[in-house]
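# Fold and geometry: a report
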Amino acid sequence: MIITKINGGLGNQFFQYAAGRALAHHHKTELVLDLSDLHKIPLGNTRRIFELDKYPIVARVASAQEELQFRFYHGRVLRRLPFLPRPWFYKRELHFQYDPQFFDVPNNVYLDGYWQSYLYFDKIGDLIRTELKPLIRPGEINQELMDAMRSQNSVALHIRRGDYLTNPKAAVHHGVCSLDYYQKAIERILLQVSNPHFYIFSDDIDWAGANLTISAPVHLVGHNVGDQSFQDLRLISNCKHQIIANSSFSWWGAWLNPNPQKIVIGPKNWFLVKKDTRTLFPPAWLII
């Protein structure tokens, strides 16, 4: 059994699932999702809900009894007692970059981390792409947009503001991508893509429409709100190219894009704090 702790938004949940799924596939065992962190949000964190149930994932959610066990063994005191007998090995993420010893851990392991690198699941990429296709149909408006995106040289551009501005903890740690970053990315696309059509996604769509300068057709996508935001991720992945924010949400929109000729542009400054992000991006992506 592989157990992975689930927390954060949809993009973080994707990373945690994909890494756990890869390790479970490696050991030919089941994957169990611990949702206990979603039940009790630490002070200062943005409240999140479990969203992987919208996808045909190959995993089960831990029972209430199992969650009690997880909290008991991984509480602040007991997890610092390595000599204490426990039913599984505890694997905590020690740093942001890919851990090359990840697949050396034994079966029956509890994974505690974000695991934000494509290298954790690159070998089963086709499986992950299949399992992260929403079970819920897109609906009429989203289907019309997807049809248009597939017929054009469509470019998804994602701007994340929201809690990156309003939540002090997130603002200090992440920060927002600068307008200069987006304008440079847009210019790269205009140079490399013939007749691009830009689709703008943002949790502050009015700001995006008022501040971006794009000499090409633009469509502002702002109707998928609340628990329908997963529809935006599907739309982003259906565009032929992506300009992403410093957000795991649009990272996944770009990674799930199956276009072999896609151009993906990402921000060099993923965090305001110093972290090694070299293993975050696939080598073909353009980081500026």
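Bear in mind that the values here come from a model prediction, so they are computed numbers and not experimental data.

## Let's talk about the pairing of strand 1 (residues 2-5)
Residues of strand 1 alternate between two faces, with Ile2 and Thr4 on one and Ile3 and Lys5 on the opposite face, all of them buried. Where strand 1 meets strand 2 (residues 31-34), 4 bridges bridge the pair, whose relative direction is parallel. Residue pairing for strand 2: Ile3 is matched across the bridge by Val32. Crossover handedness for the path strand 1 to helix 1 (residues 10-27) to strand 2: right-handed. Where strand 1 lies against strand 5 (residues 109-112), 3 bridges are found, and the strand directions are parallel. The residue bridging Ile3 from the neighbouring strand is Tyr110, located in strand 5.

## Re the nonpolar core
Counting 57 residues, the largest nonpolar core has Phe14, Leu33, Phe121, Ile128, Trp251, Trp252 and Trp255 as its most contacted members. For this core, the secondary-structure elements that each account for two or more residues are helix 1, strand 2, strand 5, helix 5 (139-151), strand 7 (196-202), helix 10 (229-238) and helix 11 (248-255). The biggest single contributor to this core is helix 1, with 9 residues. Apart from residues no more than four positions distant in its own chain, Ile128 is found in contact with Tyr17, Ala18, Arg21, Phe121, Trp252 and Trp255.

## Digging into the packing of aromatic side chains
Pairs of aromatic rings are described using the distance from one ring centre to the other and the angle between the two planes. Taken as a whole and assessed by the stated rule, the structure comprises 24 aromatic pairs. Taken together, a centroid distance of 5.2 Å and an interplanar angle of 65° make the contact between Trp251 and Trp252 edge-to-face. The same class applies to Trp251 and to Trp252, which are both buried. An aromatic cluster is defined as three or more aromatic residues linked by ring pairs; in this entry it consists of Phe14, Phe15, Tyr55, Phe121, Trp251, Trp252, Trp255, Trp270, Phe281 and Trp285. Positioned above the aromatic ring of Phe271, the side-chain terminus of Lys275 is 4.6 Å from the ring centre.

## Observations regarding the side chain of Arg234
Structurally, the position occupied by Arg234 is in helix 10. Within the buried set, Arg234 has no salt-bridge partner at all; the shortest N-O distance to an opposite charge, 9.3 Å, is to Asp232. Residues in contact with Arg234, not counting those within four places in the same chain, are Pro134, Ile136, Arg137, Pro138 and Met146.

Calculation notes
- Residues numbered from 1 in each chain as written.
- Predicted model: local features only at pLDDT ≥ 70, side-chain atom pairs only at ≥ 80, totals over all residues.
- Heavy atoms only, no water.
- Buried < 20%, exposed > 50% of the residue type's maximum accessible area, 1.4 Å probe, protein only.
- Helix = DSSP H or I, 4+ residues; strand = E, 2+ residues; numbered from the N terminus.
- Pairing = 2+ DSSP bridges.
- Right-handed = clockwise from strand over helix to strand, strands pointing away.
- Core = buried A, V, L, I, M, F, W, Y, C linked by side-chain atoms within 4.5 Å.
- Contact = heavy atoms within 4.5 Å.
- Phe/Tyr/Trp six-rings, centres within 6.5 Å; stacked < 30°, edge-to-face > 60°.
- Lys NZ or Arg CZ within 6 Å of the ring centre and 35° of its normal.
- Lys, Arg positive; Asp, Glu negative; His and termini not counted.
- Salt bridge = Lys/Arg side-chain N within 4 Å of Asp/Glu carboxyl O.

The analysis is restricted to geometry; functional conclusions fall outside its scope.
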